[in-house]
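Chain by chain, the residues:
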Amino acid sequence: MTEAPHSQAGASAPDNLVELGRIVSAYGLRGWVKIQPHSARSEALLTAKRWWLVPFSRASGAVMQDARSWKVKLSRTQGATVVGALDGIADRDEAEALKGMLVMVARSDFPETDEGEYYWVDLMGCRVWGLDDAGVQAVMGVVADVSDNGAHAVLSVRRQQEQDGLWVDLLDDKERPVTSLVPFVEAHLQEVDLPGRRIVTNWPLDF
């Protein structure tokens, strides 16, 4: 890719980058890019003053050492996508050259959430507690993914069990990890402790 004058190719990428979407095409004729966000909530993309664009290889995943920082001049939603103008990208050809790039934002640049609201990225890896058959709180597993069913967020919990003092994945008869889907709604949440990486629910372990 030809270096544009306003990218910071030599800048060191921060270690708290969060992948929020991917550039799918150019938008218009003036160098705007179109991004397909990974989440319906795009606040972090829309408020960030700088995006980090990272090439992606199917063989090796994101190539972080090639991350480039770009100043965001303007951004807005366009249907289910986000479109933005980057400083130094002036025409459609230059924007098209960025197609396929992952778009990342430093976690420290995310806007503050309201009480009771959480970024999905912060829920990933939290240990989830649910109710066993006796109605007693017990470890269900860890959050492996978060999705949206249109009405609310859903936690995909990779089930775990304690073995010799360690937590190991629970596997089915085909040696595949077992997952449970837990609605992330107030009716089922009893505690969300992000510093402690702990979520307590009243959801049955084996539902």
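Structure: see above.
Everything quoted here is computed from the prediction, not taken from an experiment. Residue indices begin from 1 for each chain and proceed along its sequence in written order. Only residues with pLDDT of at least 70 are given local features in this predicted model, and only at 80 or more are side-chain atom pairs given and counted; all residues enter the totals for whole chains, interfaces and linings. The side-chain numbers reported here are obtained from all heavy atoms of the structure, hydrogens and water having been left aside.

Engineer: What's the story with the environment of Pro195 in this structure? I'm lost.
Structural biologist: Secondary structure counts use DSSP, requiring at least four H or I residues in a row for a helix and at least two E residues in a row for a strand, with both numbered from the N terminus. Mapped onto the elements, Pro195 comes out in the loop between strand 15 (189-193) and strand 16 (198-204). Think of it in three bands: with a 1.4 Å probe and only protein chains considered, a residue is buried below 20% of the maximum accessible area for its type, exposed above 50%, and partly exposed in between. By relative accessible area, which is 79% here, Pro195 ends up exposed. Sequence-wise, Pro195 and Val103 are 92 residues apart; in three dimensions their C-alpha atoms are separated by 26 Å.

Engineer: Whenever I open this one, the pairing of strand 3 (residues 32-37) confuses me. Can you help?
Structural biologist: Residues in a regular strand point their side chains to alternate faces of the sheet. The sheet contact formed by strand 2 (residues 17-27) and strand 3 spans six bridges and is antiparallel. Each bridged residue has a counterpart across the sheet, and for Arg22 the counterpart in strand 3 is Gln36. From the end of strand 2 to the start of strand 3, which pair antiparallel, there are four residues, and Gly28 there has a positive phi angle of about 75 degrees. Any two strands between which DSSP finds at least two bridges are classified as paired. Sheet analysis places strand 3 next to strand 8 (residues 81-86), joined by four bridges and oriented antiparallel. Residue Lys34 lies in a different strand from strand 8, and its bridge partner there is Val83.

Engineer: Is there a simple way to think about the environment of Lys34 in this case?
Structural biologist: You can see Lys34 is positioned in strand 3. Sequence separation of Lys34 and Trp52 is 18 residues, and the distance between their C-alpha atoms is 15 Å. Each residue touching Lys34, except ones within four places of it in the same chain, is listed here: Arg22, Ile23, Val24, Ser25, Ala26, Tyr27, Thr81, Val82 and Val83. The contact criterion used is simple: two residues touch if any of their non-hydrogen atoms lie within 4.5 Å.

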